[in-house]
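# Structural features, examined
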Amino acid sequence: MIILDGKKVSNDIKDEIAAQVAIMKSKGEKVPHLAAVLVGTDGASMTYVGAKVKACERIGFESTLIDLPEETTEQELLSHIHNLNNNDDIDGFIVQLPLPKHIDEQKVLMAVDPDKDVDGFHPTNVGRMTLDLPSFLPATPFGILELLERYNVETSGKHVVVMGRSHIVGRPMSILMSQKRNAGNATVTVVHSRTQNLAEFTRDADIIVAAIGISEFLKGDMVKDGVVIIDVGITRVPDDTKKRGYRLAGDVDFESVSKKASFITPVPGGVGPMTIAMLLKNTLLAREMRS
Ligand code: GUN
């Protein structure tokens, strides 16, 4: 069993980007500038946005954090987005999800200039991706493709089961893996909360992307020998033996599934760090597109 070490691969990617930034600097060119908008005080979102800003610093990008209170109105948020769209110094920006309930998420995402949409969530980018046109790929699926590629995991002709149909992970993952591309050409099945006899599908899978949002849902008896496991889930599970009172768990029961897997991502240290690295890659791309 081989661990798909997202932490290591993401560090390699960050080093590659940092080298490109150093070249940009030496030529006197503008370095990429990423902005992140955070609304409210959701613990996980604050952690993710903090990690994104820190990663920018590490590789030599400029970064701006727009930290807004929970009570921010939709109109106020749209006004910030308008300013970011029109700020020539900003190459790309993200609005961290989820947003507070009183804000229409789709309306907000549609207000982002598609050329600065480094999350790849705007309908224009989703459409372009679906039609095999150049676009920003959403960072988590992009990171999974990159991880599979860098470990030379064969996907062509394989049966990939994507668990979950979210706009951020499951849906784009299922589209990308069926396309003619590296880490693609797969036969894809999407299973979700309404799927009947779910384990029949997962037991047939050569590769499983678990993004269903239920901790340790996928057990060893639901997979076949040699399966490749990509675990996107990350939830806090109460654990009295830990000082902080919880541990981080994925959607996969690592203990039982890893015994049968040929490759598996750990949680943490698998998909999560890759997401950040690919966001940086998209921001570099955005800068290159604008120069
Ligand atoms: N919330 C969970 N994942 C993501 C992501 O990739 N981007 C943004 N903006 N919000 C998220």
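Anything mentioned here points back to the structure above.
Residues numbered from 1 in each chain as written. Predicted model: local features only at pLDDT ≥ 70, side-chain atom pairs only at ≥ 80, totals over all residues. Heavy atoms only, no water.

## Digging into the sheet that holds strand S7 (residues 207-210)
Inclusion rule: Think of it this way: DSSP has to see at least two bridges between two strands before they count as a pair. Under the DSSP-based scheme used, a helix requires at least four consecutive residues in state H or I and a strand at least two consecutive residues in state E, with every element numbered from the N terminus.
Sheet architecture is open: 6 strands sit in the order S1-S11-S8-S7-S5-S6, paired in parallel fashion. Where the open sheet ends on each side, the last strands, each with one partner, are strand S1 (2-3) and strand S6 (187-191). As paired elements, S1 and strand S11 (residues 263-264) share 2 bridges and run parallel to each other. Directly across from Ile 2, in S11, lies its bridge partner Phe 263.

## A word on the pairing of strand S2 (residues 33-39)
Along a regular strand, successive side chains alternate from one face of the sheet to the other. The condition is simple: Under the scheme applied here, a residue whose accessible area is under 20% of the maximum for its type counts as buried, over 50% as exposed, and between as partly exposed, the area being computed with a 1.4 Å probe on protein chains only.
Taken across its 7 residues, S2 has 7 buried, putting it largely inside the fold. Judged from the 7 bridges that link them, S2 and strand S3 (residues 62-68) form a sheet pairing that is parallel. The residue of S3 that forms the bridge with Ala 36 is Leu 65. Where S2 meets strand S4 (residues 92-95), 4 bridges bridge the pair, whose relative direction is parallel. For Ala 36, the partnering residue across the bridge sits in S4 and is Ile 94.

## Considering the side chain of Gln 179
This is how it is decided: Here a polar contact means two N or O atoms within 3.5 Å. Within protein one must be a hydrogen donor candidate and the other an acceptor candidate, and residues neighboring in sequence count only if both atoms are side-chain atoms. Note on contacts: a residue pair is in contact if any heavy atoms of the two residues lie within 4.5 Å.
Residue placement: Gln 179 occurs in the loop between helix H7 (170-178) and S6. Its relative accessible area of 7% is what places Gln 179 among the buried residues. Among the polar contacts listed, one links the side chain of Gln 179 to the backbone oxygen of Met 129, at a separation of 2.8 Å. Discounting chain neighbours no more than four positions away, the residues touching Gln 179 are Met 129, Thr 130, Asp 132, Gly 184 and Asn 185.

## Some thoughts on the sheet that holds S4
For the record, the criterion: Geometry is summarised by axes, namely lines fitted to C-alpha atoms with helices restricted to the contacting stretch, and by angles between N-to-C directions that run from 0 to 180 degrees.
Ordered in space as S3-S2-S4, the 3 strands form an open sheet in which the pairing is parallel. Either end of the sheet is taken by a strand with one partner, and the two such strands are S3 and S4. Across the sheet, the mean angle from the axis of one strand to that of its neighbour is 15°, orientation sign disregarded.

## Some details on the site of the ligand
Stated precisely, the cut-off is as follows: In these notes, residues near a molecule or strand are those with any non-hydrogen atom within 4 Å of it. Note on areas: Shrake-Rupley with a 1.4 Å probe; residue coverage comes only from the protein chains shown. Each residue gets one label: Ala, Val, Leu, Ile, Met, Phe, Trp, Tyr, Cys and Pro are nonpolar, Asp, Glu, Lys and Arg are charged, and the others, such as Gly, are polar.
In the vicinity of the ligand, the contacting residues are Lys 52, Val 95, Gln 96, Leu 97, Asp 119 and Phe 121. The separation between a nitrogen atom of the ligand and a polar side-chain atom of Gln 96 is 3.3 Å. Contact with the protein chains covers 84% of the free accessible surface of the ligand, which is 280 Å². Grouping the constituent residues of the shell around the ligand by class yields 3 nonpolar, 1 polar and 2 charged.

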